[in-house]
Amino acid sequence: MKTPIPYYLAQILDKVRPNEGGEVADYIPELATADPDILGVAVCSATGHVYHAGAGEHRFTMQSISKPFVYALALQEFGLAAVREVVGMEPSGEAFNELSLGGDHRPVNPLINAGAIVVNQLIDGVDSTVEDRVETIRSFLSRMAGRELEIDEQVCQSEVDTAERNLSLAHMLRSYGIIQDTAHDAVLSYTKQCSISVDVRDLAVMSATLANGGQQPVTGEMILDADVCRLTLAVMSSCGMYDGAGRWMAEVGIPAKSGVSGGLLGTLPGQLGVATFSPRLNPEGNSVRGEEIFKLLSADMGLHLMSTERRFGVYPIREIEQTAEEAIFYLQGHINFTAAEAVLYELQQDNFRGARLALDFEQVTGFNTIGRRMLKEGLRRFREAGVDVAVIDPRARMTNLEMSDGTMVPVAEPDDYQIAGEGT
Ligand code: GLU
């Protein structure tokens, strides 16, 4: 059985593909050359399972998506108090390149350019060269992604050649003594950070590392403290979407960060990381299709952070009883997207090759729509592969047993599924 998750993701891409609204960013000449039709999405669970649909391996520059990560690195290296001395943690409600400083001349928002230039300057300390600082950032982001990331020097040069606005921000920050480097060096260092090249799969894994409290879920490396991840996600939730952050939180409810090259990254704490790429942007600077994908994911997959649906923090598989012929998966807790993903992941592992499969829902406390739908689709796929499937559902938790192909999920009595040799 192949998990249906990439198929759901592909369905979402099909829904948003007709939307050709928005414009590719052209204030950085090299970004204007992007193919506007490229579209991709990836999801990584906090346990490190990566799924994608569309252009999963298309590379693009991180741009502003680098900002929350470098902010996290600064928090990790220097602690919150030191970071707050130079940059606040308030939404500024302004555009990304606004000349935006607080009353004491500190930038208030670390995720728009003024704040991000300051955060970049913190890395490696005031005596660092641009080269060393950039290498520290590149190597940190590479550990988050689980592979060596590279800087797209062409995009970087194109931005440096036209960086009047960021230079003016850096001059102003230097005039107030907030940064020490020359404006040129500060902007060069920041622009190199923005020009690190990734694909949606990298971003989903990096995001899942934040979701997972700083442990990279694929390599297992401990990279950030859980407190740092919490602070970073809190700042993303209020400051991450330029001046659309409030509406975003209400409509989508996934802490997120967008970038002008068309990437969009979202993190659901403790659950998963999501990333999309589509270069056409709305006037706020956020990817049009990316926003739409996130809205669909939030609504259809029940991912809104403020959802009042009950969640039980237990691993959804209580026990697996298995012989060569059959397997019973005893499930528990509330089955939402994340829980269903974990169950389907286990089910698709090679260790189950039996001819009979049952899912036991006796200890399941509830489902949301997508959780139920995903499990039914998984069962349907097993049946299609010739496996005899059934559910053990004495408390009728599965209600509406119709599968996505219109047929009914067969219901088994618990006794139908006694593991051979285990007595009564
Ligand atoms: N490097 C870009 C700039 O400073 C990043 C902007 C963004 O992605 O919001 O203009």
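The model shown is predicted, which means the values in this text are computed figures rather than measured ones.

1. Looking at the pattern of salt bridges
At step 1: In total, this model carries 19 salt bridges according to the counting rule given.
At step 2: When the shortest N-O distance is used, the salt bridge between Arg280 and Asp37 registers 2.9 Å. Of the two residues, Arg280 sits in strand 10 (residues 280-281) while Asp37 sits in the loop between strand 1 (23-24) and strand 2 (40-45), which places them 243 residues apart along the sequence.
At step 3: For Asp37, a relative accessible area of 43% translates into the label partly exposed.

2. Here we look at the sheet that holds strand 4 (residues 60-61)
At step 1: Ordered in space as 4-6-5, the three strands form an open sheet in which the pairing is antiparallel. The open sheet terminates on both sides in strands that have one partner only, identified here as strand 4 and strand 5 (150-151).
At step 2: The pairing of strand 4 with strand 6 (residues 196-198) spans two bridges and is antiparallel. Of the residues in strand 6, the one forming a bridge with Phe60 is Val198.

3. Here's the deal with the environment of Met222
At step 1: By the element assignment, Met222 lies in the loop between helix 8 (200-211) and helix 9 (226-239).
At step 2: Distance from Met222 to Arg143, taken between C-alpha atoms, is 9.7 Å for residues 79 residues apart in sequence.
At step 3: Filtering out sequence-adjacent residues up to four positions away, Met222 remains in contact with Arg143, Gly213, Gly214 and Gln215.

4. Focus: the site of the ligand
At step 1: As a structural note, the neighbourhood of the ligand is formed by Tyr27, Gln63, Ser64, Phe96, Asn113, Glu159, Asn166, Tyr190, Cys194, Tyr242, Gly259 and Val260.
At step 2: Taking Ser64, its side chain carries an N or O atom lying 2.5 Å from an oxygen atom of the ligand.
At step 3: A distance of 2.7 Å separates an oxygen atom of the ligand from a polar atom in the side chain of Tyr190.
At step 4: Protein burial of the ligand: of its 300 Å² of free accessible surface, 99% is covered by the chains.

Rules used throughout
- Residues numbered from 1 in each chain as written.
- Predicted model: local features only at pLDDT ≥ 70, side-chain atom pairs only at ≥ 80, totals over all residues.
- Heavy atoms only, no water.
- Salt bridge = Lys/Arg side-chain N within 4 Å of Asp/Glu carboxyl O.
- Helix = DSSP H or I, 4+ residues; strand = E, 2+ residues; numbered from the N terminus.
- Buried < 20%, exposed > 50% of the residue type's maximum accessible area, 1.4 Å probe, protein only.
- Pairing = 2+ DSSP bridges.
- Contact = heavy atoms within 4.5 Å.
- Near = heavy atom within 4 Å.
- Polar contact = N/O pair within 3.5 Å; in protein donor to acceptor, adjacent residues only side chain to side chain.
- Areas by Shrake-Rupley, 256 points an atom, 1.4 Å probe, with all protein chains shown as cover.

Read these as spatial facts, not as claims about activity.
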